[in-house]
Amino acid sequence: MWLNTMMRCVFHRVIAGRGQPLLPRVLTPARLKHGFASAGVSRRHFKKDLLSILDGSVTPVTVTEIRQYLRENMISFHDGYSCLHVPSPFTPNKDNLLFIDKTTGRFLCKDTLLEGTWEDFKDSMDLLTKEGSSFLSPETLSSYLQDSDSEDGERQLNHMEISRIWNKAVWFHDLEEEDAQLIKAMFNISKITNTTLNKFGVKCFQPTKSLVFPWYNPRDLTMKGLKLLSAMCQADVVNYIETVYPGPSHYHNLFGITVMGKKDTEVVITSQEVDSLAVHQATGITTVSLPRGINCFPPVLLPYLEQFKRITLWLGDDLRAWEASKLFSRKLSIKRCSLIRPGDTQPSPLKAFSLGLNLNKLIKASLPASHKSIISFRQLRSDVFSQLENTEQVAGVKWARFPELNKLLKGHRKGELTIFTGPTGSGKTTFISEYALDLCMQGVNTLWGSFELGNVRLAKVMLTQFSLQRLEESLDQYDEWADRFEELPLYFMTFHGEQNIKSVIDTMKHAVYMYDINHVIIDNLQFMMGQEHLFSDKFAVQDYIVGAFRKFATENDCHVTLVIHPRKEDDDKELQTSSIFGSAKASQEADNVLILQDRKLVSGPGKRHLQLSKNRFDGDVGVFALEFNKSTLTFTSSKSKAKVKKVAKENEDAVPDQAPAKKK
Ligand SMILES: Nc1ncnc2c1ncn2[C@@H]1O[C@H](COP(=O)(O)OP(=O)(O)OP(=O)(O)O)[C@@H](O)[C@H]1O
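Residues numbered from 1 in each chain as written. Predicted model: local features only at pLDDT ≥ 70, side-chain atom pairs only at ≥ 80, totals over all residues. Heavy atoms only, no water.

Engineer: In this structure, what is going on with the site of the ligand? I would like to understand it.
Structural biologist: Taken together, 15 residues are adjacent to the ligand, and Gly425, Lys428, Thr429, Thr430 and Glu452 come closest. Within the contact set of the ligand, an oxygen atom lies 3.1 Å away from a backbone nitrogen or oxygen of Gly427. Between the ligand and Thr430 there is a distance of 2.5 Å, counted from an oxygen atom to a side-chain nitrogen or oxygen. Starting from 630 Å² of accessible surface for the ligand in isolation, the protein chains cover 70%. Looking at the shell around the ligand element by element, the count peaks at three residues for helix H16 (residues 428–440). (Near = heavy atom within 4 Å. Polar contact = N/O pair within 3.5 Å; in protein donor to acceptor, adjacent residues only side chain to side chain. Areas by Shrake-Rupley, 256 points an atom, 1.4 Å probe, with all protein chains shown as cover. Helix = DSSP H or I, 4+ residues; strand = E, 2+ residues; numbered from the N terminus.)

Engineer: Before we go on, may I ask you to explain the nonpolar core in this structure?
Structural biologist: Residues Ile269, Met508, Ile522 and Phe549 are the most contacted members of the largest nonpolar core, which totals 68 residues. The greatest single-element share of this core, amounting to nine residues, is contributed by helix H19 (residues 501–515). If we ignore the near neighbours within four places in the chain, the residues touching Ile269 are Val288, Leu290, Phe297, Leu305, Ile311, Thr312, Leu313, Trp314, Leu315 and Leu332. Counting residues in each nonpolar core, the second largest holds 35 residues, with Met462, Val563, Leu610 and Leu626 among its members. (Core = buried A, V, L, I, M, F, W, Y, C linked by side-chain atoms within 4.5 Å. Buried < 20%, exposed > 50% of the residue type's maximum accessible area, 1.4 Å probe, protein only. Contact = heavy atoms within 4.5 Å.)

Engineer: Would you mind showing me how to read helix H3 (residues 63–72) here?
Structural biologist: An α-helix turns once per 3.6 residues; consequently, residues spaced three or four apart project the same way. For H3, the set of buried residues is Ile66, Tyr69 and Leu70. In an axial view of H3, the angular spread of the buried residues amounts to 95°, which keeps them on one side of the axis. For H3, the exposed residues set more than 90 degrees away from the buried face come down to Thr64, Arg71 and Glu72. On its buried face, H3 sits against strand E5 (83–87), strand E6 (97–101) and helix H4 (118–131). Directly beyond the C-terminal end of H3, a positive phi value near 50° is found at Met74. (Arc of directions from axis to C-beta.)

Engineer: Explanation requested: the environment of Leu367 in the structure shown.
Structural biologist: Along the chain, the position of Leu367 falls in strand E19 (residues 367–368). As for Leu367 and Val504, which are separated by 137 residues in sequence, their C-alpha atoms are 35 Å apart. Filtering out sequence-adjacent residues up to four positions away, Leu367 remains in contact with Trp322, Cys337, Ser338, Leu339 and Arg341.

Engineer: What should I look at first to understand the packing of H3 against H4 in this one?
Structural biologist: Think of two packed helices as two axes; the pair is described by the angle between the axes and how far apart they sit. Two elements in contact, H3 and H4, have axes separated by 13 Å at closest approach and are oriented at 5°. As summarised for this structure, H3 and H4 are arranged roughly parallel, according to the angle between their axes. Facing H3, whose interface residues are Ile66, Tyr69 and Leu70, H4 presents Trp118, Phe121, Lys122, Met125 and Asp126. Taken together, the residues that form the contact of H3 with H4 break down as six nonpolar, no polar and two charged. (Axes fitted to C-alpha atoms, helices over the stretch in contact; angles between N-to-C directions. Parallel < 35°, antiparallel > 145°, perpendicular 65-115°, else oblique. Nonpolar A, V, L, I, M, F, W, Y, C, P; charged D, E, K, R; others polar.)

Engineer: Would you mind going over the packing of aromatic side chains with me for this structure?
Structural biologist: The geometry of two aromatic rings is summed up by the distance between their centres and the angle between their planes. Inspection of the entire model under this criterion finds 21 aromatic pairs. Judged by centre distance (5.9 Å) and plane angle (85°), the ring pair of Trp166 and Trp171 falls under edge-to-face. Every member of this aromatic cluster is reached through a ring pair, and the members are Trp399, Phe402, Phe420, Phe431, Tyr435, Phe628 and Phe635. Between Lys191 and the ring centre of Phe353, over which it is positioned, the NZ or CZ distance is 5.1 Å. Lys203 extends its terminal NZ or CZ atom over the ring of Trp166, reaching a point 4.2 Å from the ring centre. (Phe/Tyr/Trp six-rings, centres within 6.5 Å; stacked < 30°, edge-to-face > 60°. Lys NZ or Arg CZ within 6 Å of the ring centre and 35° of its normal.)

Engineer: Where do I start with the sheet that holds strand E16 (residues 286–289) in this structure?
Structural biologist: Hydrogen bonds between backbone groups are what pair the strands of a sheet, and the pairing can be parallel or antiparallel. With mixed pairing, the five strands of this open sheet are ordered in space as E16-E15-E17-E18-E19. Each edge of the open sheet is held by one strand with a lone partner, namely E16 and E19. With two bridges joining them, strand E18 (residues 337–339) and E19 adopt antiparallel strand pairing. Bridge pairing links Leu339 to Leu367 in E19. Across the face of the sheet, helix H9 (residues 273–283) comes into contact with strand E15 (266–270), E16 and strand E17 (310–314) while running at roughly 175° to E16. Packing against the sheet, helix H10 (residues 319–332) makes contact with E15, E17, E18 and E19, and its axis sits at approximately 175° to E18. (Pairing = 2+ DSSP bridges.)

Engineer: Is there a simple way to explain the pairing of strand E21 (residues 446–450) in this structure?
Structural biologist: It is a general feature of regular strands that their side chains alternate between the two faces of the sheet. Most of E21 sits inside the fold, with five of its five residues counted as buried. Both faces of E21 are covered, namely the face carrying Thr446, Trp448 and Ser450 and the face carrying Leu447 and Gly449. Bridge count for E21 against strand E22 (residues 490–493) is three bridges, and the pairing is parallel. Its bridge partner lying in E22, Leu447 is registered against Tyr491. Note: E21 against strand E23 (residues 519–523), five bridges, orientation parallel. Its bridge partner being in E23, Trp448 is matched across the sheet by Ile521.

Engineer: Even after reading the chapter, I still don't get helix H21 (residues 538–556), so can you show me in this structure?
Structural biologist: Over its 19 residues, H21 runs 27 Å from end to end, which matches the ideal 27 Å to within 8%, given 1.5 Å per residue. Along H21, the positions that sit buried rather than exposed are Val541, Gln542, Asp543, Ile545, Val546, Gly547, Phe549, Arg550, Phe552, Ala553 and Asn556. Among the residues trailing H21, Asp557 stands out with phi positive, at a value near 50°. (Expected span 1.5 Å × (residues − 1).)

Engineer: Even after reading the chapter, I still don't get unusual backbone geometry, so can you show me in this structure?
Structural biologist: Note: most residues except glycine have negative phi, and most peptide bonds are trans. The linkage connecting Tyr245 with the following residue, Pro246, adopts the cis geometry, with an omega of -5°. Among the structural elements, Pro246 can be located in the loop between strand E14 (237–245) and E15. You will see that Lys209, though not glycine, has its phi angle at about 50°, which is positive. Relative to the helices and strands, Lys209 resides in the loop between strand E11 (203–205) and strand E12 (210–216). Given the relative accessible area of 31%, Lys209 is considered partly exposed.

Engineer: Quick question: what am I supposed to make of the environment of Cys233 here?
Structural biologist: Note on placement: Cys233 falls in strand E13 (residues 223–234). A residue is classified by how much of its surface remains accessible, and Cys233, at 33% relative accessible area, is partly exposed. Taking the C-alpha atoms as reference, Cys233 lies 9.8 Å from Met186; in sequence the two are 47 residues apart.

Engineer: Whenever I open this one, the state of the cysteines confuses me. Can you help?
Structural biologist: One way to say it: the disulfide is the covalent bond shared by the sulfur atoms of two cysteines. This structure, assessed with the given rule, holds zero disulfides. You can see Cys337 has no disulfide; the closest cysteine sulfur is in Cys83, sitting 13 Å from it. Classification of Cys337 by relative accessible area gives buried; the value is 3%. Not part of a disulfide, Cys440 finds its nearest cysteine sulfur in Cys558, a span of 13 Å. (Disulfide = S-S within 2.5 Å.)

Nothing here speaks to function; it is all geometry.
Following this line, the structure appears as structure tokens:
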């Protein structure tokens, strides 16, 4: 009966939680140098600042500096794809390798699972010289390694839960044939054999009819965690929900890693476990899937992929998967990557397998990720076609709270620069906080650079906007909302006050690499102006800074929203694009210009208009009214008047009194 209902449903994959729940993290110059939170539960980390003294410098280490250090200290190394390989100083066997990430300098010793920052590595080498021994044993290192009590407690709890689920789950070959078929049908894996499921260690958790994907420690095959994939049928649509143990910020399973051989040189990377099962069963090729699908590629996984000479990224069947495969290939080194372009004849691996397509042929036909600087239209034509075919996805992520903005801007796209301005004290920070929160709640990995408002105050504003209530009046609900807020892929830079643009851009680059940030908010540009002594003219300084953010957005395919103060204007006049402080460069470089109009005189206190005065995407400009709710600090478009007015280009800076919806 249940099977019948399931079979009648339209299968629709909505991965709840995929890539979403990362704890808000703070990026500081110090942490840039001394490392970020760990990747794996059973890894051990170096205690911070034991041997080195922090100088607070934000300059991250470069691969040239790492190579130079290794040469100076006569440490042999092999220049790998994403990492430098050196003999591990933590094991007596010099064939055991330690991998140093070329971008961040972080290291991982796969045999001991010890990891740390570049500073930790140098400290270990100093210690080795001091000790005069050939390797650093765990005993020698014990006083330098940390295991926090709270982490331990959490680890134990997780471990109990993991064991409970794993022990209760059953192998597919132990299920009644009918039950096994039903569960396989629910996940579209009817053609996946029990042998393949066994090989990858996939079990079934019967109480919730979920698939259980194990996360094994590749070193000793002990259990580190697991992922439960459940199907929920709602109004004829099946949604797939993922739950991971330990929590998502600690779940770094490269599913399939234990199946691969040490000498394998080719791998297919997929975004979902079921895709890996399909690829492996159909082709026998080594395959792994990413822990949080297309949302991010944690660099901590890179050492495990160093052995592969050829990597095929086959991440799904839509434009987002295609964009992600291009970005991830950069981390993996594009020269060894090829990509499978989504399309009707090239669906996701599981779908291709179910349709009986030849997966070997599709993998062979993948496109090399490397490209020359000059290309012909022949190479562009399929890109252009997929843009035309997927106009909705090309338009970007839609705001849930600002439908009027969707009408004008169409969506939030990667790689663009948005300039946002408005009169002093008009509510710029408050608005942009909700604007960014809305996107973040939909899985846009977000990094905040709030130079004016401290992070605590900013987080308080965001939490109020998130919970839509004054939490000071219901403190008993604080933990519940804070727990949910913590799940957002939200990060903050700890810069406060005047900053140097280079440190800010370096931190942003690092965050993109580590956390696949898609949206950076800089509030506001004026805080970088005082630090540039190269220029005597302040307009030239601003042009230089805007240019740097523009370049960053394009090169990293990351959206930057830049808040800029307006010039001094008459209180009774509306702002215009030309009111943005500085020369015309800011508005020329920007893809979008948004102005928060403070129409005190006409509309009374609280009323604002949001004006889009430049839109490179499709040229529509316009304005709509916003009403402010003081208790939730949120903006809504006023209900009384017609919503969006698209303004003709020539008078685009004027705000109309009445705003009837009408195409220009
Ligand atoms: N539409 C509004 N009506 C009334 N008060 C508002 C409105 N929007 C924001 N505020 C309040 O005004 C104060 C200033 O807001 P905010 O800091 O967002 O302004 P700002 O434009 O970023 O300021 P600055 O120009 O100093 O950067 C806050 O207390 C905020 O809650």
